Amino acid sequence: MRATTNLFQINGIPMLVPDAEAQASYEDLDSADSGRDESGVMHRIPVRYKVSSWSFSYDHLTETEKQYMEGLFPDSGDFQFTHPGRLDASVPVTVRAYRSKYSLCWKNARTGLWGNYGFSIIEC
């Protein structure tokens, strides 16, 4: 089984090291009352700043690795996600999050090889 990393944890349990970059993005969330007026001027009413979203991908996984990863995520609801800090990567940050855009391909049923495993973790 591949190595785990404490840089990324689900409910305190380390994730497997991904095959590709772990991509982070941040988005400000505006109130539904935000928008442009009749003259085209934007009026923002931010409700939260820099809400994080992380994307992970794995080119291939064994059956054991797939079971490990799937066992990290609850069937419903949210979880605690630990990741490197935005301003200082050496300082871990833990947020409430959920998993979205989950995908998986069964590459070889005989050998139990899975591929194209990917998902996003989005801060609540």
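Everything quoted here is computed from the prediction, not taken from an experiment. (Residues numbered from 1 in each chain as written. Predicted model: local features only at pLDDT ≥ 70, side-chain atom pairs only at ≥ 80, totals over all residues. Heavy atoms only, no water.)

### What about unusual backbone geometry?
Part 1 of the reasoning: In this model, Asn-11 sits at a positive phi of 50 degrees, which is unusual for a non-glycine residue.
Part 2 of the reasoning: Tracing the chain through its elements places Asn-11 in the loop between strand S1 (4–10) and strand S2 (13–16).
Part 3 of the reasoning: Owing to a relative accessible area of 42%, Asn-11 belongs among the partly exposed residues under this scheme.
Part 4 of the reasoning: For Lys-101, which is not glycine, the phi torsion reads 55 degrees and is therefore positive. (Helix = DSSP H or I, 4+ residues; strand = E, 2+ residues; numbered from the N terminus. Buried < 20%, exposed > 50% of the residue type's maximum accessible area, 1.4 Å probe, protein only.)

### Digging into the nonpolar core
Part 1 of the reasoning: Core analysis: the largest hydrophobic core is formed by 19 residues, its most contacted members being Met-15, Phe-81 and Ile-121.
Part 2 of the reasoning: Beyond its immediate chain neighbours, meaning those up to four positions away, Ile-121 contacts Ile-10, Met-15, Ser-52, Ser-53, Trp-54, Phe-56, Phe-73, Phe-79, Phe-81, Ala-97 and Tyr-98. (Core = buried A, V, L, I, M, F, W, Y, C linked by side-chain atoms within 4.5 Å. Contact = heavy atoms within 4.5 Å.)

### Things to note about the pairing of strand S7 (residues 79–84)
Part 1 of the reasoning: Among the six residues of S7, five are classified as buried, and the element is accordingly described as predominantly covered.
Part 2 of the reasoning: Of the strand pairs in this sheet, S1 and S7 are connected by two bridges, and their pairing is antiparallel. Opposite Ile-10, over in S7, you have Phe-81 as the bridge partner. (Pairing = 2+ DSSP bridges.)

### Let's talk about the packing of aromatic side chains
Part 1 of the reasoning: Applying the stated criterion across every chain yields a total of 13 aromatic pairs.
Part 2 of the reasoning: Centre to centre, the rings of Phe-8 and Phe-56 are 5.0 Å apart; their planes meet at 80 degrees, and the pair counts as edge-to-face. With Phe-8 in strand S1 and Phe-56 in strand S6 (residues 46–61), this pair connects stretches of sequence that are 48 residues apart. As far as burial versus exposure is concerned, Phe-8 and Phe-56 are alike and both buried.
Part 3 of the reasoning: Members of the aromatic cluster, connected to one another through ring pairs, are Phe-8, Trp-54, Phe-56, Tyr-58, Phe-73, Phe-79, Phe-81, Tyr-102, Tyr-117 and Phe-119.
Part 4 of the reasoning: Between Arg-86 and the ring centre of Tyr-26, over which it is positioned, the NZ or CZ distance is 5.9 Å. (Phe/Tyr/Trp six-rings, centres within 6.5 Å; stacked < 30°, edge-to-face > 60°. Lys NZ or Arg CZ within 6 Å of the ring centre and 35° of its normal.)

All we've got here are geometric facts, nothing functional implied.
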